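Structure assessment
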Amino acid sequence: MSTNLIVANIKSYETLEEGNFWIEKFLAHKDSLSALTQKEIVICPPFTLLLSFSSAFLGTNIKIGAQNVSPFNEGAYTGEINAKQIKDFAEYVLIGHSERRKFFAETEDMLKKKTEISLKNGLKPIFLVQGKNAIIPQGVGVVAYEPVFAIGSGNPDTPENADELAEVLKSENDYLVLYGGSVTSENVKNFTSKANINGVLVGGASLDPEEFYKIIENA
Ligand code: PGA
């Protein structure tokens with residue numbers, strides 16, 4: 001598929017020192033990465049590393065995303081990071097990850113609020129769904145299909161099934177659709193070569209900058 005959007009979700013990993021090491025390793029491929037103009041690369045580090053990552057990749061073709069956003073505007077919401085604050089560092093934001101739905105009890109209503117507030121503040125949501133009949137808020141342009149059984153399990157969905165689901169999603173709206181769940185440099189092409197899949201969302205494998213680079217190369 002023509003659009004090839006490759007997203008790294010670093011999750012709740014990496015200290016400042018580890019993050020800087022990741023950046024250094026990945027930047028060793030800077031020239032080859034800048035030649036890959038047909039691929040769009042987005043890295044979603046934890047909040048504590050947004051400044052390091054956004055500064056390191058400023059002026060390159062590598063974009064930054066946040067992994068979460070507050071459903072509220074600025075205000076007395078202790079511990080929350082709002083969309084306006086994220087916009088200082090990032091262009092994208094992940095919304096609706098199954099880990100947030102499960103461990104942080106995020107409801108469809110909350111995800112809708114997060115989406116609306118992100119769009120209002122100029123952030124592009126990457127909205128995650130786990131299967132068919134997903135509720136996708138208005139204004140979303142990028143959807144990532146991540147079946148729960150495939151996340152971190154080493155057991156990805158079949159490319160055929162992912163492609164079929166992407167086709168269903170696209171029949172509802174003009175989305176870019178990503179596949180996520182146990183993507184590696186070995187299997188990435190099986191997904192990105194499918195007609196309805198526009199890219200991938202990579203968790204575990206993105207923790208190794210060399211492996212993430214290989215995923216981009218092979219996608
Ligand atoms: P995984 O995670 O690549 O480790 O399966 C994907 C994700 O949760 O975004």
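Everything in this summary refers to the structure shown in the same document. This is a predicted model, so every value here is computed, not measured.

**Quick look at the pairing of strand S6 (residues 142-145)**
Where burial is concerned, the two faces of S6 agree: the one with Val-142 and Ala-144 and the one with Val-143 and Tyr-145 are both buried. Strand direction decides the pairing type here: strand S5 (residues 124-129) and S6, joined by 4 bridges, are parallel. Within the sheet, the bridge partner assigned to Ile-126 lies in S6 and is Val-142. Relative to strand S7 (residues 176-180), S6 runs parallel, the two sharing 4 bridges. By the bridge assignment for S7, Ala-144 is matched with Leu-178. Following the chain from S6 across helix H7 (residues 159-172) to the adjacent parallel S7, one finds a crossover that is right-handed.

**A word on the environment of Glu-91**
Take Glu-91: it is sitting in the loop between helix H4 (83-87) and strand S4 (92-95). Assessed through its relative accessible area of 27%, Glu-91 is described here as partly exposed. Ignoring any residue separated from it by four or fewer positions in sequence, one finds Glu-91 in contact with Lys-63, Ile-64, Gly-122, Leu-123 and Lys-124. One polar contact links Glu-91 to Lys-124, side chain to side chain, over a distance of 2.8 Å.

**So, the site of the ligand**
In the vicinity of the ligand lie 13 residues, with Lys-11, His-97, Glu-146, Gly-152 and Ser-182 positioned nearest. Within the contact set of the ligand, an oxygen atom lies 2.7 Å away from a backbone nitrogen or oxygen of Ser-182. At 2.8 Å, a backbone N or O of Gly-203 approaches an oxygen atom of the ligand. Within the complex, 96% of the 280 Å² of free accessible area of the ligand lies under protein.

**Examining unusual backbone geometry**
Not every positive phi belongs to a glycine, and Asn-133 is a case in point at roughly 55°. With respect to the helices and strands, the residue Asn-133 is situated in the loop between S5 and S6. With a phi angle near 60°, Ser-182 is a residue other than glycine that sits in the positive phi range. Note on placement: Ser-182 falls in the loop between S7 and helix H8 (188-192).

Scoring rules and cut-offs
Residues numbered from 1 in each chain as written. Predicted model: local features only at pLDDT ≥ 70, side-chain atom pairs only at ≥ 80, totals over all residues. Heavy atoms only, no water. Buried < 20%, exposed > 50% of the residue type's maximum accessible area, 1.4 Å probe, protein only. Helix = DSSP H or I, 4+ residues; strand = E, 2+ residues; numbered from the N terminus. Pairing = 2+ DSSP bridges. Right-handed = clockwise from strand over helix to strand, strands pointing away. Contact = heavy atoms within 4.5 Å. Polar contact = N/O pair within 3.5 Å; in protein donor to acceptor, adjacent residues only side chain to side chain. Near = heavy atom within 4 Å. Areas by Shrake-Rupley, 256 points an atom, 1.4 Å probe, with all protein chains shown as cover.

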